[in-house]
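# Inside the fold
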Amino acid sequence: MYWLVVWTVLVTWCEAASKFPAGFQFGSATSAYQVEGAWNASDKSPSIWDVFVHDHPSAIADHSNGDVACDSYHLWKEDIALARSLGLNFYRFSISWPRLLPEGFSNKVSKDGTTYYNNLINGLLSVGIEPVVTLYHWDLPQNLQDLGGWTNNEIVNWFEEYARVAFTLFGDRVKTWVTINEPSNFCGMGYDSGLLVSRVDVPRIGRYLCAKNALLSHAKAYRLYDKEFRDKYKGQVGLTNQYVWYEPKTPGQEQNAQLAREFGQLYTFPIFSDIGGWPPNIESIIAKNSRAANFSRSRLPAFTEEEINLVKGSADFCGVNYYSSRLVEEANEHILFQPGEENKELGLGYSYDSTWLPRYDWLVSYPPGIRRVMKSMTDRYGNIEIKILENGFGTSDPALNDTMRVQYIRDHLEQVLLSITEDGVNVTAYTVWSLIDNFEWISGYESRFGIVHVDYNDPKLKRTPRASAYYYADVIKKREV
């Protein structure tokens, strides 16, 4: 009898430990340029991606573009039906800045753009799915880029006015806002290496101008919501960034791995730390490197005291996009690293372990990394709310039986659950990237990230759920891995 009681208690505990908390939310995501198509419909103006793919088709792996993409501008009802069939608690999508504000500024608001996003928001709510809306997912109006884009200090005011329009039009129904998606990527690869639009290649200068303006833009939008909309709509506002977990390649590289992690906090420390401003160690290194290169001041623009206070505390949650991890070692002339796998500011090189599987292109699976990223944030910033807003696996294989993606999602969900049950991390949401196959930036349509397949040879762009979609739907239904 005693052992029966013990067994029953153990079984009950194990079942409880394998289930996600009642309030935990499951979702999936897309972004405007990657799925909407209708690039010149109505009065929409060109984004930086519209211009880039038309002017430089050879820069895209398959010479494709997002002119039609998944045609979600017209097929939004089908996307909602997919989201509903999966049982999603929320659907994260982004607003196209040039679709809503054709001139980039708030002087002209598009009626058709407003109608499209109203239809999408209302359609989601009608089937019990929460809209989670991102204001900026890389599709800057081209005319703003012509003025310097994210390196022009005035973008802080332009973004605030764009946010005001969006909050005013949709804030009564949208309760979760993401201001900016992955500034580390569009600043680092767009304004430093020239690998992404805007392809401004000003090494180790452009990325830091962009970084400061992105943080100030986010903070301005947050303070605006706080002042004018929060009492009425009771929503949340945050920023999401891509995080990589860095492991030392050898025991002697632990200090370098920690340095790489600190550099990855460039957009987190100013918001969530008690003191605000740039991470002191990184700020010191960049200042030292700047002096060594004969600059009269640091290439990392300083925050004023007023700006520090503006940014500090300017988020209701921390958005985490996690895909992969890296091994860290000190770089030298005898080691050749893959493009994009070297941090010249820190003198570090990145690689990955051959046992980290599955692997596709730059994306290697290391599930413990997602747990370690979140635990390190909790250890450093306290009990902040964390929302995982992107996690997914790409492949060049369009097959419906996507076993590698199922494995990837399952392994990462296990780590998320351990974060909750063992580490006490306050993670409240998980988002699969992406709901459907889409235009994957410079990879074009060669990379498939969708848990739902899109047939690009079909004039109707038929959507068909993959094995990963059925697996994810089962997780959501049972609330367990």
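Throughout this description, residue numbers start from 1 for each chain and increase along the sequence as written. With pLDDT at 70 or above as the cut-off, local features in this predicted model cover only qualifying residues; side-chain atom pairs require 80 or more to be listed or tallied, and sums for whole chains, interfaces and linings still use all residues. Values reported for side chains reflect all heavy atoms of the structure, with hydrogen atoms and water molecules removed beforehand.

In DSSP terms, a helix is any run of H or I states spanning at least four residues, a strand is any run of E spanning at least two, and both are numbered starting from the N terminus. Locating Glu-247 in the fold gives a position in strand S5 (residues 236–248). Looking at Glu-247, the relative accessible area reads 15%, which means it is buried. Counting of polar contacts relies on pairs of N or O atoms within 3.5 Å, with two restrictions inside protein: one atom must be capable of donating a hydrogen and the other of accepting it, and residues adjacent in sequence are counted only when both atoms are side-chain atoms. Separated by 3.4 Å, the side chains of Glu-247 and Tyr-366 make a polar contact. Residue contacts follow a heavy-atom distance rule, with two residues in contact if any of their heavy atoms lie within 4.5 Å. Beyond its immediate stretch of four places on either side in the chain, Glu-247 contacts Ala-257, Arg-261, Arg-326, Leu-327, Val-328, Tyr-366 and Arg-372. Only protein chains enter the calculation, and the probe is 1.4 Å; a residue is then buried if its accessible area is under 20% of its type maximum, exposed if over 50%, and partly exposed in between.

Our next topic: the pattern of salt bridges. A side chain of one charge can pair with a side chain of the opposite charge if their charged atoms are brought near each other. Note on definitions: salt bridges are taken to be side-chain nitrogens of Lys or Arg within 4 Å of carboxyl oxygens of Asp or Glu. Under the definition given, this model contains 26 salt bridges. Across the salt bridge formed by Arg-204 and Glu-345, the nearest N and O atoms sit 3.9 Å from each other. One end of the pair, Arg-204, is in the loop between helix H9 (183–188) and helix H10 (206–228); the other, Glu-345, is in the loop between strand S7 (342–343) and strand S8 (348–351), and 141 residues separate them in sequence.

What follows concerns the packing of aromatic side chains. In this scheme Phe, Tyr and Trp rings, the latter by its six-membered ring, pair at centre separations within 6.5 Å, and the angle between planes marks the pair as stacked below 30 degrees, edge-to-face above 60, and tilted otherwise. In this structure the tally under the stated criterion is 40 aromatic pairs. With 5.1 Å between their ring centres and 75° between their planes, Phe-167 and Tyr-225 make a pair best called edge-to-face. Taken as a pair, Phe-167 in helix H8 (residues 155–170) and Tyr-225 in helix H10 lie far apart in primary sequence, 58 residues in all. Take Phe-167: its relative accessible area is 0%, and that puts it in the buried class. Put simply, the rings of Tyr-33, Trp-49, Phe-52, Trp-138, Phe-439, Trp-441, Tyr-445 and Tyr-456 pair up and form one aromatic cluster. Here, a charge over a ring is recorded when the distance from Lys NZ or Arg CZ to the ring centre is within 6 Å and its angle to the ring normal is within 35 degrees. Between the NZ or CZ atom of Lys-387 and the centre of the ring of Phe-317, over which it lies, the distance is 5.3 Å.

This paragraph deals with H8. Because an α-helix packs 3.6 residues into every turn, residues spaced three or four apart end up facing the same way. In this scheme, a helix's expected span is set at 1.5 Å multiplied by one less than its residue total. Taking 1.5 Å per residue as the helical rise, H8 with its 16 residues ought to reach 22 Å, and the 22 Å between its terminal C-alpha atoms agrees with that figure. Taken residue by residue, H8 has Ile-155, Val-156, Trp-158, Phe-159, Glu-160, Tyr-162, Ala-163, Val-165, Ala-166, Phe-167 and Phe-170 as its buried positions.

With that settled, consider the pairing of strand S3 (residues 130–136). Two faces belong to every sheet, and in a regular strand the side chains alternate between them. In terms of burial, S3 is largely enclosed, as 6 of its 7 residues are buried. Pairing of strand S2 (residues 90–94) with S3, which is carried by 5 bridges, proceeds in the parallel orientation. Among the inter-strand pairings, Tyr-91 is bridged to a residue of S3, identified as Pro-131. The criterion for strand pairing is that DSSP finds at least two bridges linking the strands in question. Here 4 bridges tie S3 to strand S4 (residues 176–181), and the two strands are oriented parallel to one another. Bridge assignment links Tyr-136 to a residue of S4, and that residue is Ile-180.

Relative to the helices and strands, Trp-39 resides in the loop between helix H2 (32–35) and helix H3 (48–55). When its relative accessible area of 25% is taken as the criterion, Trp-39 is described as partly exposed. If sequence neighbours within four positions are ignored, Trp-39 has contacts with Lys-44, Asp-50, His-54 and Asp-67.

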